[in-house]
Amino acid sequence: MGKTILITGGARSGKSGIAETMALSFGRPATFIATAEAHDAEMAARIAAHQARRGEGWITRAEPLDLLGALAETDGKGPRLVDCLTLWLTNLLLAEADWQAAVRGLLAALPAQSSPVVFVTNEVGMGIVPDNALARTFRDAAGVLNQWVAAAADEVYLAVSGLPLKVK
Amino acid sequence: MGKTILITGGARSGKSGIAETMALSFGRPATFIATAEAHDAEMAARIAAHQARRGEGWITRAEPLDLLGALAETDGKGPRLVDCLTLWLTNLLLAEADWQAAVRGLLAALPAQSSPVVFVTNEVGMGIVPDNALARTFRDAAGVLNQWVAAAADEVYLAVSGLPLKVK
Amino acid sequence: MGKTILITGGARSGKSGIAETMALSFGRPATFIATAEAHDAEMAARIAAHQARRGEGWITRAEPLDLLGALAETDGKGPRLVDCLTLWLTNLLLAEADWQAAVRGLLAALPAQSSPVVFVTNEVGMGIVPDNALARTFRDAAGVLNQWVAAAADEVYLAVSGLPLKVK
């Protein structure tokens, strides 16, 4: 069975770089499953910078919603990196999908994976309580998602200033 | 002397669940000392969800301000869980009480406790600096409170994605 | 060669106190290199409180921009504490300086230091994504700065409730 690893951390904490190193440690090429969509110039620039840094050794694939399908199709073909779960959650909420059912479906599929999966997610709950209810709802959902995936993962790391701190 | 444990973490980091498991590890029933008051529907729903999850093995008691009295009355009757200190601080500030004196009084009473106490608190200082001065004042007070209680505690854990990371 | 240590943490996480203890463990007097400028009453009060807490054993020096020069002038005269890098970054951005070049210059000078340097910085990326683009830009720059300094440092600690959690 393929190992499941979760890398969590704040914005610009180096979590993607840590996750890329871990994914490649399982073999090459690795598949990069991007949940981001380039809706605006700021996001397009972030995606381009990420791709430039990754360089060789990667097959890139965009998948904003159907992570379950993406894992099924890429299994047995080397390690997968999913970057990131928080954006996937955002996409599910915007699509008015049942995000809890989607997460449960994803977790149910993990034990059958033969290739490793490294998930990247975000810490969003360590600031002051947000003013607006929508941000609080998102923050709560992201926290629940992180807890569920961490419970299912074999290893969990918190990225701090680019360094992985082992939590599980 | 009863052990003092502090569990800190962000919103939806699983800190309450970790604290409940630790409190029950000292024996049953445990007393749940809730500092929350159901001022609005959102908070009422959170309290109800917490109570439903805790289930059997708990005596619940609401105490928004007088934690010192609540600890005195429940001592010698099994473990106590105080959830949470950040809300207690909010209640003290809203009541225009001397929160620093209240915290010092609480800490002075800890060495004499014969039953264990598990405190839950919040990390609120790892986001961007808040725009308004009131939020900054609250954030500063919460940070000072956490430092003082952590210094007095026997064990301190940071909850990350539902997992306890030992800090002390 | 003098050791380089980085202490990161949220607001009021006790990072300055931890950094002061570590700097003094290398000898006395230590030089406190303050990047803060007392632009308003709130900041002036914070600076005064920090100075009062530090007490004896310190030579204080203000240096909002030229950290490289401050390190050069103080080398060989005991440990240095730089508090803090996030404010230095803010000062560089306000002065419309090339902050990335300034950071690279600082890092290039570290291996030649004969006296130890303890840097304090801030975690600002673990809250909800800020509404305004300027705050996001600052948060991103602060995260990059932290990663670069952490990569160059001999030891890195995350301050949690006044306690140092070793990351490197």
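Above: the structure in question.
Trainee: So what's going on with the interface of chain A and chain B? Which residues, and what values?
Mentor: For interface size, the figure often reported is the accessible area lost on association. Each side of the interface is counted separately: chain A has 21 residues, and chain B has 23 residues. Regarding the contact of chain A and chain B, the summed buried area is about 1700 Å², with carbon and sulfur atoms giving 65% of it. Here chain A is connected to chain B by one salt bridge. For Asp 140 of chain A, the salt bridge identified is with Arg 12 of chain B, shortest N-O distance 3.6 Å. Among the elements of the structure, strand 1 (4-9), helix 6 (133-152), strand 6 (155-160) and strand 7 (163-166) of chain A are those that each provide at least two residues to the side of chain A that touches chain B. The element that contributes the greatest number of residues to the side of chain A that touches chain B is helix 6 of chain A, accounting for eight residues. Of the residues that constitute the side of chain A that touches chain B, the class distribution is nine nonpolar, six polar and six charged.

Trainee: Could you give an account of the pairing of strand 1 (residues 4-9) of chain B, with specific residues and numbers?
Mentor: Residues and elements named next belong to chain B. Of all six residues that make up strand 1, six are buried, and the element is covered over most of its length. Neither face of strand 1 is exposed, since Thr 4, Leu 6 and Thr 8 on one face and Ile 5, Ile 7 and Gly 9 on the opposite face are all buried. Bridge analysis of strand 1 against strand 5 (residues 117-120) gives four bridges, and the strand direction is parallel. For Leu 6, the partnering residue across the bridge sits in strand 5 and is Phe 119. Note that strand 1 and strand 6 (residues 155-160) share five bridges and pair parallel. Note that in strand 6 the partner of Leu 6 across the bridge is Val 156.

Trainee: Describe the interface of chain C and chain A, listing the residues and the values that go with them.
Mentor: In this assembly, 21 residues from chain C lie in contact with 23 residues from chain A. When chain C packs against chain A, the two sides together hide about 1700 Å² of surface, and 65% of this comes from carbon and sulfur. Looking at the side of chain C facing chain A, the largest losses of area belong to Met 126, Ile 128 and Gln 147 of chain C, adding up to 39% of the total buried there. Linking chain C to chain A there are five residue pairs in polar contact (both at pLDDT 80 or more). Secondary-structure elements contributing two or more residues to the side of chain C that touches chain A are strand 1 (4-9), helix 6 (133-152), strand 6 (155-160) and strand 7 (163-166) of chain C. In terms of residue count, helix 6 of chain C provides more of the side of chain C that touches chain A than any other element does, eight residues in total. Classifying every residue of the side of chain C that touches chain A by side-chain character gives nine nonpolar, six polar and six charged.

Trainee: Explain the side chain of Ser 13 of chain B to me, using residue names and the numbers behind them.
Mentor: Relative to the helices and strands, Ser 13 of chain B is located in the loop between strand 1 and helix 1 (15-24). Among the polar contacts listed, one links the side chain of Ser 13 of chain B to the backbone oxygen of Gly 10 of chain B, at a separation of 2.8 Å. In contact with Ser 13 of chain B, not counting residues within four places along its chain, are Gln 147 of chain A together with Ala 159, Val 160, Ser 161 and Gly 162 of chain B.

Trainee: Provide a residue-level description of the relation of the copies chain A and chain B, including the pertinent values.
Mentor: You can overlay chain A on chain B at an RMSD of 0.0 Å; the transform is a turn of 120° with a shift of 0.0 Å along its axis. Here the copies are linked by what is in effect a three-fold axis. Ranked by how close their C-alpha atoms come to the rotation axis, the residues of chain A are headed by Gly 127 of chain A, at 2.4 Å.

Trainee: I'd love a proper account of the pattern of salt bridges, names of residues and values included.
Mentor: Residue and element names in this part refer to chain C. Within the structure shown, the criterion is met by 12 salt bridges over all chains. Linking Lys 3 and Glu 155 is a salt bridge whose minimum nitrogen-to-oxygen distance equals 2.8 Å. Remark: Glu 155 occurs in strand 6 and Lys 3 occurs in the segment before strand 1; sequence separation between them is 152 residues. When its relative accessible area of 36% is taken as the criterion, Lys 3 is described as partly exposed.

Trainee: Go over the packing of aromatic side chains with me, naming the residues and quoting the values.
Mentor: Residues and elements named next belong to chain A. Under the counting rule described, the total for this entry stands at six aromatic pairs over all chains. Aromatic side chains Phe 32 and Trp 58 sit 6.0 Å apart centroid to centroid with 85° between the ring planes, which places their arrangement in the edge-to-face category. Linking Phe 32 in strand 2 (residues 30-34) with Trp 58 in strand 3 (residues 58-62), this pair joins segments that are 26 residues apart in sequence. Look at Phe 32 and you get buried, because its relative accessible area is 4%. Residue class for Trp 58 comes out buried when judged on its relative accessible area of 13%.

Trainee: Outline the environment of Ile 7 of chain C, supporting the account with residue identities and numerical values.
Mentor: Residues and elements named next belong to chain C. In this structure, Ile 7 sits in strand 1. Looking at Ile 7, the relative accessible area reads 0%, which means it is buried. For Ile 7 and Trp 58, which are 51 residues apart along the polypeptide, the C-alpha to C-alpha distance reads 19 Å.

Trainee: How would you sum up the packing of helix 4 (residues 85-94) of chain B against helix 6 (residues 133-152) of chain B? Please name residues and give values.
Mentor: All names here are of chain B. Running from N to C, helix 4 and helix 6 cross one another at 125°; their axes reach a closest spacing of 10 Å. As summarised for this structure, helix 4 and helix 6 are arranged oblique, according to the angle between their axes. You can see that helix 4 and helix 6 cross each other, and the crossing is right-handed. Judged by residue contacts, Leu 85, Thr 86, Trp 88, Leu 89, Thr 90 and Leu 93 of helix 4 engage Phe 138, Ala 141, Ala 142, Leu 145 and Val 149 from helix 6. Broken down by class, the residue content of the contact of helix 4 with helix 6 amounts to nine nonpolar, two polar and no charged.

Trainee: Describe in detail the sheet that holds strand 3 (residues 58-62) of chain C, supporting the description with residues and values.
Mentor: Strands belonging to one sheet form pairs held by backbone hydrogen bonds; the direction of such a pair is parallel or antiparallel. Residues and elements named next belong to chain C. An order of 3-2-4-5-1-6-7 is seen for the seven strands of this open sheet, with the pairing classed as mixed. Whereas interior strands pair on both sides, the edge strands pair on one side only; in this sheet they are strand 3 and strand 7. Sheet twist, expressed as the average angle between the axes of neighbouring strands with direction ignored, equals 25°. Sheet topology places strand 4 (residues 80-83) next to strand 5 (residues 117-120); four bridges connect them, and they run parallel. From the neighbouring strand, Val 82 faces strand 5, where its bridge partner is Phe 119.

Trainee: Mind laying out the pairing of strand 4 (residues 80-83) of chain B, listing which residues take part and the relevant values?
Mentor: In summary, the side chains of a regular strand alternate between the two faces of the sheet. All names here are of chain B. Taking every second residue as pointing to the same face, both faces of strand 4 are buried, with Arg 80 and Val 82 on one and Leu 81 and Asp 83 on the other. Pairing between strand 2 (residues 30-34) and strand 4: four bridges, direction parallel. Each bridged residue has a counterpart across the sheet, and for Ile 33 the counterpart in strand 4 is Val 82.

Trainee: Residue-level account of the sheet that holds strand 4 of chain B, with values.
Mentor: Residues and elements named next belong to chain B. The mixed open sheet is built from seven strands, whose spatial order is 3-2-4-5-1-6-7. Each end of this open sheet is capped by a strand with a single partner; those strands are strand 3 (58-62) and strand 7 (163-166). The average undirected angle you get between the axes of adjacent strands in this sheet is 25°. Those strands touched by helix 6 are strand 1, strand 5 and strand 6, and its axis lies near 145° from that of strand 1.

Basis of the calculations
- Residues numbered from 1 in each chain as written.
- Chains lettered and ligands numbered in written order.
- Predicted model: local features only at pLDDT ≥ 70, side-chain atom pairs only at ≥ 80, totals over all residues.
- Heavy atoms only, no water.
- Contact = heavy atoms within 4.5 Å.
- Buried area = accessible area lost by both parts, 1.4 Å probe.
- Salt bridge = Lys/Arg side-chain N within 4 Å of Asp/Glu carboxyl O.
- Helix = DSSP H or I, 4+ residues; strand = E, 2+ residues; numbered from the N terminus.
- Nonpolar A, V, L, I, M, F, W, Y, C, P; charged D, E, K, R; others polar.
- Buried < 20%, exposed > 50% of the residue type's maximum accessible area, 1.4 Å probe, protein only.
- Pairing = 2+ DSSP bridges.
- Polar contact = N/O pair within 3.5 Å; in protein donor to acceptor, adjacent residues only side chain to side chain.
- Least-squares fit on C-alpha atoms with pLDDT ≥ 70 in both.
- Phe/Tyr/Trp six-rings, centres within 6.5 Å; stacked < 30°, edge-to-face > 60°.
- Axes fitted to C-alpha atoms, helices over the stretch in contact; angles between N-to-C directions.
- Parallel < 35°, antiparallel > 145°, perpendicular 65-115°, else oblique.
- Left-handed = near helix turned anticlockwise from the far one by under 90°.

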